Amino acid sequence: MEISLDMIKDKVECLQAYDFRELERAIEERIGMNKALMLRVKQVQHQVTFDPFRNKMLYSAIVHFAVY
């Protein structure tokens, strides 16, 4: 069995929540996790849509992490 240790250079994570503060907390949590992998935030895109089934706003974000 061979073990390969490749460095992650780019990573994209998609997050969503029904509360903006919860989405913000999730993004901050992911930033902390990815700092351990020596990745920093390169770009953040966000969007808000209305969920008619729950009658709430749905907040989503795509966070692109890249090597320092």
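Worth saying up front: this structure is predicted, and the values here are computed from it rather than measured.

How each quantity is defined
Residues numbered from 1 in each chain as written. Predicted model: local features only at pLDDT ≥ 70, side-chain atom pairs only at ≥ 80, totals over all residues. Heavy atoms only, no water. Helix = DSSP H or I, 4+ residues; strand = E, 2+ residues; numbered from the N terminus. Rg over C-alpha atoms; globule rule 2.2 N^0.38 Å. Phe/Tyr/Trp six-rings, centres within 6.5 Å; stacked < 30°, edge-to-face > 60°. Buried < 20%, exposed > 50% of the residue type's maximum accessible area, 1.4 Å probe, protein only. Pairing = 2+ DSSP bridges. Axes fitted to C-alpha atoms, helices over the stretch in contact; angles between N-to-C directions. Contact = heavy atoms within 4.5 Å.

A. Molecular detail of the overall build of the protein. A tally of helices and strands in the protein yields one helix and three strands. Traced from its N-terminal end to its C-terminal end, the protein shows the element sequence β-α-β-β. For 68 residues, the compact-globule estimate of 2.2 N^0.38 gives 11 Å, and the protein exceeds it by more than 25% at 15 Å. Oriented by its inertia axes, the alpha-carbon framework of the protein measures out at about 50 × 25 × 15 Å.

B. Expanded view of unusual backbone geometry. The backbone of M38 shows a phi angle near 60°, a positive value even though the residue is not glycine. Along the chain, the position of M38 falls in the loop between α1 (20-35) and β2 (39-51). Positive phi is not limited to glycine here, since N55 has a value of about 60°. If you trace the backbone, N55 turns up in the loop between β2 and β3 (56-67).

C. Local environment of the packing of aromatic side chains. Per the stated rule, a full pass over the model turns up one aromatic pair. With a centroid separation of 5.7 Å and 70° between ring planes, the pair formed by F20 and Y59 is classed as edge-to-face. Here F20 is found in helix α1, whereas its partner Y59 is found in strand β3, with 39 residues between them in sequence. A residue is classified by how much of its surface remains accessible, and F20, at 45% relative accessible area, is partly exposed.

D. Spatial organisation of the sheet that holds β2. An order of β1-β3-β2 is seen for the three strands of this open sheet, with the pairing classed as antiparallel. This sheet does not close on itself; its edge strands, each paired only once, are β1 (10-17) and β2. Pairwise comparison of adjacent strand axes, ignoring direction, gives a mean angle of 15° for this sheet. In this structure, β2 lies alongside β3, joined through 12 bridges in antiparallel fashion. Bridge pairing in β3 links Q43 to H64. Together, β1, β2 and β3 form the strand contacts of α1, whose direction differs from that of β1 by roughly 155°.

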